[in-house]
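Survey of secondary and tertiary structure
Listed below are the residues making up each chain.
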Amino acid sequence: MADTRFTALGMSGSGKTCYLLGMYYEMCVGVRKFTLVTTNQAATKLEDWMDQLDDETGMDRFPAGTSLTEFSDYSFKLSYCNEPIMSFDWADYGGGTIRARENNPEAFKKLDDSVKNSTALYIFIDGELLCSEDTETKIKKVSRKCSRTINGYIQNFSESHEDLPPIVFVVTKADLCGPYLKPGEMTKILEEAFSSVFGSGNLVYVVAVSLGNEIADDDYSGEVEPVNIHIPFFIGIFHEFLNFCYYLKGELLKEEQAHRDQISANKSAIDYEQDRWFFTDHDRIARCRKQIQEAEANIKSNQELLKKYKRLLNAVATELVRESSKFVVFEDGKETYFSPEDLISEI
């Protein structure tokens, strides 16, 4: 079973599958010593898609999108400096699944369960919807083709579950829509179209990505040079490591207290035996000393484990801080900065 999962939501044609391919294309080589490998039969599919992306031209070079109510789980292992550190499933859902509550309740329930168990929820926006000079036209396109459906799903999910995971809006095809967007306009459009998602209590990120700034040149024969592709993924693993560190700290504190109680009890037992003079049970003293050593070793091992994951958390946070000018963060409906220091300092 994977350590966690991430769920991708978006209407058909929004670029979910192409993003997954781009993420693997970039991360299998590695970013800042982090690398990905697939752990199931998807490996062959992704490798074939990478060859297709590199060797073909035109629209044929891109993978076909997920069919309307199809869902695919892609299993990955993440490594840092070649050491495996986390496994996760990436759930890719067809755009029609969001509307499948009545006609395909099984697919809809799988979607609901996936979102519930996800560290982050990715909402994909087709960048072509933003290819217009007029802001109101862009808002209408996004509302009609995307947010009208996704907002309804998010609202229904929120009513039946306690909290939403962090939400990452991924605007695809940034190479196409970039020339049409003024500074700050993209977030304004999303805030308008997804006003409830940007509301109080939600943590929201917005990032625009592309498989290459020139990939659409000459009838889509341009070079594959991913732009910002790793950022949404790094946001997800940042929150997974953050959650794990908080959980680990809580569990280790309880375990450490139990070990310290055991050490204290064993020390008292040793003192008791040493005060008995001729009746001292030396075997009991030896057992107590061994238990003290084991408890101290467990405390040290647990502390090293927490330090390890804090180092990983810091490595991801450092990369996101470095790239923070390329994404926007909203907390409780207000735009803010990505500042992980306070969160990490609490661990």
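Residues numbered from 1 in each chain as written. Predicted model: local features only at pLDDT ≥ 70, side-chain atom pairs only at ≥ 80, totals over all residues. Heavy atoms only, no water.

**Comments concerning the environment of Ile 123**
Within the secondary structure, Ile 123 is located in strand β5 (residues 120-125). On the basis of relative accessible area, Ile 123 is assigned to the buried category, the value being 0%. For the pair Ile 123 and Phe 241, spaced 118 residues apart in sequence, the C-alpha to C-alpha distance is 21 Å. Leaving out residues up to four positions away in the same chain, Ile 123 has contacts with Leu 9, Ile 150, Ile 154, Ile 167, Val 168, Phe 169 and Val 170. (Helix = DSSP H or I, 4+ residues; strand = E, 2+ residues; numbered from the N terminus. Buried < 20%, exposed > 50% of the residue type's maximum accessible area, 1.4 Å probe, protein only. Contact = heavy atoms within 4.5 Å.)

**Observations concerning the packing of aromatic side chains**
Under the counting rule described, the total for this entry stands at 22 aromatic pairs. Plain terms: the ring middles of Tyr 24 and Phe 76 are 5.9 Å apart, the flat faces sit at 45 degrees to each other, and that makes the pair tilted. Of this pair, Tyr 24 sits in helix α1 (residues 16-27) while Phe 76 sits in strand β3 (residues 71-80); the two residues are 52 residues apart in sequence, bridging distant segments of the chain. Comparing Tyr 24 with Phe 76, the two get one shared label, buried. (Phe/Tyr/Trp six-rings, centres within 6.5 Å; stacked < 30°, edge-to-face > 60°.)

**Details of helix α2 (residues 42-55)**
Residues spaced three or four apart along an α-helix point in a common direction, a consequence of the helix completing one turn every 3.6 residues. Over its 14 residues, α2 runs 20 Å from end to end, which matches the ideal 20 Å to within 8%, given 1.5 Å per residue. The set of residues buried in α2 consists of Ala 42, Ala 43, Leu 46, Trp 49, Met 50 and Leu 53. Here the buried residues of α2 occupy an arc of 130 degrees about the axis, which is enough to place them on one side. In this structure, the buried side of α2 is in contact with α1, β2 (34-38) and β3. (Expected span 1.5 Å × (residues − 1). Arc of directions from axis to C-beta.)

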